[in-house]
Amino acid sequence: MTEQSPVTQAQAQPVKAAPALPDAQTVTQVKHYTDRLFSFRCTRPASMRFRSGEFVMIGLMGDPDPKTGKVKPLLRAYSIASPSWDEELEFYSIKVQDGPLTSKLQHIQPGDELILRPKPVGTLVHDALLPGKRLWFFATGTGFAPFASLLREPQTYEDYDEIVITHTCREAGELTYGAELIESLKDDELLGEVIGEGFWKKIRYYPTTTREESPKMGRITDLMRTGEAFTDLECTPLNPETDRAMICGNLAFNLELKEMLEAYGLEEGANSKPAHYVVEKAFLD
Ligand code: A2P
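Residues numbered from 1 in each chain as written. Predicted model: local features only at pLDDT ≥ 70, side-chain atom pairs only at ≥ 80, totals over all residues. Heavy atoms only, no water.

Novice: I keep staring at the pattern of salt bridges and nothing clicks. Help me out?
Specialist: In a structure, side chains of opposite charge can pair up when their charged atoms sit close to one another. Inspection of the entire model under this criterion finds 18 salt bridges. For the salt bridge of Lys31 with Glu180, the shortest nitrogen-to-oxygen distance reads 3.2 Å. You can see Lys31 sitting in strand S1 (residues 24–32) and its partner Glu180 sitting in helix H5 (residues 176–184), a full 149 residues away along the chain. Exposure remark for Glu180: the relative accessible area of 39% places this residue in the partly exposed category. Two residues, Lys186 and Glu183, come together in a salt bridge whose shortest N-O distance is 3.5 Å. (Salt bridge = Lys/Arg side-chain N within 4 Å of Asp/Glu carboxyl O. Helix = DSSP H or I, 4+ residues; strand = E, 2+ residues; numbered from the N terminus. Buried < 20%, exposed > 50% of the residue type's maximum accessible area, 1.4 Å probe, protein only.)

Novice: Sorry if this is basic, but what is going on with the nonpolar core here?
Specialist: A general trend in soluble globular proteins is that nonpolar side chains are found buried together. Core analysis: the largest hydrophobic core is formed by 31 residues, its most contacted members being Phe137, Phe144, Phe147 and Leu151. Put simply, the parts of the chain that give this core at least two residues each are strand S7 (134–140), helix H3 (145–150), strand S8 (162–169), H5 and strand S10 (243–249). A per-element tally of this core places H3 first, with four residues. Beyond its immediate stretch of four places on either side in the chain, Phe137 contacts Phe147, Leu150, Leu151, Thr156, Ile163, Val164, Ile165, Thr166 and Met246. Counting residues in each nonpolar core, the second largest holds 21 residues, with Phe138, Leu223, Met260 and Tyr277 among its members. (Core = buried A, V, L, I, M, F, W, Y, C linked by side-chain atoms within 4.5 Å. Contact = heavy atoms within 4.5 Å.)

Novice: Explain helix H9 (residues 251–263) to me, please; I cannot follow it from the model alone.
Specialist: Residues spaced three or four apart along an α-helix point in a common direction, a consequence of the helix completing one turn every 3.6 residues. Over its 13 residues, H9 runs 19 Å from end to end, which matches the ideal 18 Å to within 8%, given 1.5 Å per residue. Along H9, the positions that sit buried rather than exposed are Phe253, Asn254, Leu257, Met260 and Leu261. Buried residues in H9, looked at end-on, bunch into an arc of 135°, giving them a common side. Opposite the buried face of H9, by more than 90 degrees, sit the exposed residues Leu251, Ala252, Leu255, Glu259 and Ala263. Those residues of H9 that are buried are in contact with S7, helix H7 (220–225), S10 and strand S11 (277–281). (Expected span 1.5 Å × (residues − 1). Arc of directions from axis to C-beta.)

Novice: Would you take a moment to explain H5 for this structure?
Specialist: Considered for burial, the residues of H5 that qualify are Tyr177, Gly178, Leu181 and Ile182. Down the axis of H5, the buried side of the element spans an arc of 125°, and every buried residue falls inside it. Summarising the contacts, the buried residues of H5 are in contact with strand S2 (37–43), strand S5 (88–94), H3, S8 and strand S9 (203–209).

Novice: Would you mind showing me how to read the sheet that holds S11 here?
Specialist: In a beta sheet, neighbouring strands are held together by backbone hydrogen bonds and run either parallel or antiparallel to one another. In spatial order, the strands read S9-S8-S7-S10-S11; together these five strands make up an open sheet with parallel pairing. The sheet is open, and its two borders are formed by S9 and S11, each paired with just one other strand. Neighbouring strand axes in the sheet, compared pairwise and without regard to direction, differ in orientation by 10° on average. H9 contacts S7, S10 and S11 of the sheet and is inclined by roughly 165° relative to S10. (Pairing = 2+ DSSP bridges. Axes fitted to C-alpha atoms, helices over the stretch in contact; angles between N-to-C directions.)

Novice: Would you mind going over the site of the ligand with me for this structure?
Specialist: Contacts to the ligand come from 13 residues, most closely from Arg170, Thr210, Arg211, Arg219 and Glu256. Separating an oxygen atom of the ligand from a side-chain N or O atom of Arg36 is a distance of 3.5 Å. Glu256 has a polar side-chain atom sitting 2.8 Å from a nitrogen atom of the ligand. For the ligand, the accessible surface in isolation is 550 Å², of which the surrounding protein chains cover 85%. (Near = heavy atom within 4 Å. Polar contact = N/O pair within 3.5 Å; in protein donor to acceptor, adjacent residues only side chain to side chain. Areas by Shrake-Rupley, 256 points an atom, 1.4 Å probe, with all protein chains shown as cover.)

Novice: Please explain the sheet that holds strand S4 (residues 73–79) as it appears in this structure.
Specialist: In spatial order, the strands read S4-S3-S6-S1-S2-S5; together these six strands make up an open sheet with antiparallel pairing. If you trace the sheet from one side to the other, it starts and ends with S4 and S5, each paired once. Taking each pair of neighbouring strands and ignoring which way they run, the sheet shows an average axis angle of 40°.

Novice: Where do I start with the environment of Asp127 in this structure?
Specialist: Here Asp127 is to be found in the loop between strand S6 (113–121) and S7. The class for Asp127 is partly exposed, based on a relative accessible area of 41%. Along the sequence, Asp127 and Glu262 sit 135 residues apart, while their C-alpha atoms lie 20 Å from each other. With residues up to four places along the chain from it excluded, the contact list for Asp127 reads Arg51, Asn271 and Pro274. At a separation of 2.7 Å, a polar atom in the side chain of Asp127 contacts the side chain of Arg51.

Novice: Looking at this model, I keep getting lost on the confidence of the model for the protein chain. Mind explaining?
Specialist: Close inspection of predicted coordinates is inappropriate for parts of the model with low pLDDT. Chain-level statistics for the protein chain give a pLDDT mean of 91 and a share of 92% at 70 or above. In the model, residues 1–17 has pLDDT below 50 throughout and makes zero contacts with residues more than four positions away in sequence or in other chains. (pLDDT = per-residue confidence, 0-100.)

Structural data, given as structure tokens:
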């Protein structure tokens, strides 16, 4: 029995320290954009593979149950905003003051731990689309996140001649994350090397706001219906022969845009049956 005592002592150690989170990763960077939006980066499990555009479950431990004192993980689906080749993971999140998770998550700091279940899934992936010439990314709010991943993915530029990204937000400050990311692509060494200098000229960026003055006001759906978006972008409306699309925003937006794309003749695809467009909802607290 004496042999057991060192083991018991060794096991006693972690009980005194703060309990380690299951599937813990360490936060490496946090950036706040508005009182409603922030992004953060964390370490990536060495064995975790994913396809740009997929999502994972992440979260924190919840508050202790008032009756039992037990704590349970509080997890939500988050699109991975970093590309599949990145050593770290990036996420872009809303802050909801009374949201079960984001009311806590918005206070994370570098060095803190969060829970990450390393099982990526999702429909906003290149594999779910048939080959095409022009790829449309339609986002509202934090729905930009999967496109932040795909815009940094070499395959996006290898597979398409043109990438149009539309982002509709309530206020101008909510466009900052996306605008900065797109601007940073001009200095992206990896993409420059793999795709060639000036690859970013394939991108057409169309940001709009609905509740605060900005250079382009209005919902993208309305701007497409009137034709104004196509005039501004100096391009033809969508066509199933050449256009592919990915949609990620709030539910009403997804449904409305889906209907519009179907009216242009595009058909919804999936991993198991690639077609012309795919949809995923932005996951809100
Ligand atoms: P609006 O301000 O006119 O509601 P939210 O923050 O509520 O998720 O909205 C993000 C953006 O998506 C807002 O600019 C909002 O416009 C816009 N939006 C909401 N519903 C739709 C829809 N059905 N079609 C297009 N844009 C929408």
